[in-house]
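Structural overview
The primary structure of each chain is shown beneath.
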Amino acid sequence: MSRPSIAVPLEQARTIWLHAQRLDEAAPFGAGPDAVRLATAHLGYVQIDTINVIERSHHHILHTRIPDYQLGDLEQAQSVDKSVFEYWTHALAYIPTADFRYFLSAMQQRAANPHASFANVDADDYTALLARIHKEGALSIRDIDDDVLEDKTHPWGSRKPSKRALRLGFFNGDLVISKRSGMLKSYELAARHFGWKRRPQPVKETAFSQYLLRRALQSQGMVSLESICYGNNAAKPGVSALLAVAVKRRQLIEVHLDHAPRVQHWIAPSTLEQAASLPPAQRLHILSPFDPLVIQRKRLDMFFDYNHRFEAYLPADKRVLGYFALPVLAGDRIVAALDLKMDRQAGALLIQKWTWISKKNAALKSGIEQELHHFERFQQQSMRAKLG
């Protein structure tokens, strides 16, 4: 006989998620490159994005949880320590290198069935490119100047055919991004970059489902099937089977938000028990729109009653919050959205638009302004690091 689902009060559900995201602590992962490793391992992934009106999202997400974060910390983690690597989750992201084996099946599938965009990659040219990297070392697209240029097929694409070949090698796992300078990527042979004597073996489907479930429980605390399999609907049957077994063994409990009884969630008994003693979150954060707390828009709306609008690709007259609005988390509430831009020539952070989500009050405005000064210093420090 199945047990009835337990109702979790909204405030408690928020506390659980914020604690799982480590947004309720000052410096949960310490500092330096090892903090990057620890943060990425705990969150499961750190999303990468190209927009740079302020510092790019991956640096922003790490700075949110590592107050003393330096851009060079991520570079060392990726290129020297090799504790993180880039690959596709629901989007391009930094992932713990310890989890590489969970992505090998996807790499093999992409090698066997390349995306249509790689149809024009000549097999001999691709083999020659791999041989050149083997001989010369890691290459970026700027190192390849012998291409016959062609028209772009995408606004963010390249006129160099070799760009497609490099991306093919990245997606099928022959190559790995060994270094990133802004959006310029250097590609190295994966085996040489990681120092493999023997390439890891891909995991079975059940192990991949277990990985997704474990990752979600760790970084979300209270999970739904949608939140576990975000960006990967094909994984839902395998994860559903694991959830059923875990409930039967009493490793997980079926729960729901008290205002959304139809949306099933699961939580570990120990996490639910711990939640009763967790103090409400008190910290204030200016979050990236690609932060793990924000990126799953439906979940954010369900837990925080806030539907974030990402408007960078909307015409200016259709925007409500602004080109690149950042949600402001104060305690366990989203209280404002700030459209920010860094004036890099003046070295100043500009507030393009300030939208209040909650009722405006002087004390809250003062707290946000203080955090904006801290955020501006991070932007300035990032600028100085890039200038050397």
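Just above, that's the structure.
This write-up is about the structure you can find in this document. (Residues numbered from 1 in each chain as written. Predicted model: local features only at pLDDT ≥ 70, side-chain atom pairs only at ≥ 80, totals over all residues. Heavy atoms only, no water.)

**Looking at helix H11 (residues 236–248)**
An α-helical turn contains 3.6 residues, so any two residues separated by three or four positions project in the same direction. Note the threshold: Going along the chain from the N terminus, every DSSP run of H or I of four or more residues is numbered as a helix, and every run of E of two or more is numbered as a strand. Given the number of residues in a helix, its expected span is that number minus one, multiplied by 1.5 Å. When accessible area is computed with a 1.4 Å probe and restricted to protein chains, residues below 20% of their type maximum are described as buried, those above 50% as exposed, and intermediate ones as partly exposed. Think of the arc as the fan of directions from the helix axis to the C-beta atoms. The contact criterion used throughout is that any non-hydrogen atoms of two residues lie within 4.5 Å.
Its 13 residues give H11 an end-to-end C-alpha distance of 18 Å, which sits within 8% of 18 Å, the value for a rise of 1.5 Å per residue. Where H11 is concerned, the buried positions are Lys236, Val239, Leu242, Leu243 and Ala246. Across the axial projection of H11, the buried residues extend over an arc of 125 degrees, all falling on one side. The exposed residues of H11 that point more than 90 degrees off its buried face are Pro237 and Lys248. Buried residues in H11 make contact with helix H9 (205–220), helix H10 (225–228) and strand S10 (260–267). At the exit of H11 stands Arg250, carrying a positive phi of roughly 65 degrees.

**Let's talk about the environment of Glu55**
Mapped onto the elements of the fold, Glu55 is located in the loop between strand S2 (46–47) and helix H3 (57–65). Here Glu55 falls in the buried class, since its relative accessible area comes to 5%. The residues contacting Glu55, other than those within four sequence positions of it, are His60, Leu71, Arg344, Phe378, Gln379, Ser382 and Lys386.

**Structural notes on the pattern of salt bridges**
As a reminder of what qualifies: Salt bridges are identified by distance alone: a Lys or Arg side-chain nitrogen within 4 Å of an Asp or Glu carboxyl oxygen.
Enumeration according to the criterion identifies 12 salt bridges in this entry. Of the charged contacts, one joins Asp34 and Arg37 as a salt bridge, the two residues approaching to 2.6 Å between their closest N and O atoms. With Asp34 and Arg37 both in helix H2 (residues 33–43) and 3 residues apart, this pair spans about one turn of that helix. Judged by its relative accessible area of 40%, Asp34 falls in the partly exposed class. For Arg37, a relative accessible area of 34% corresponds to the partly exposed category.

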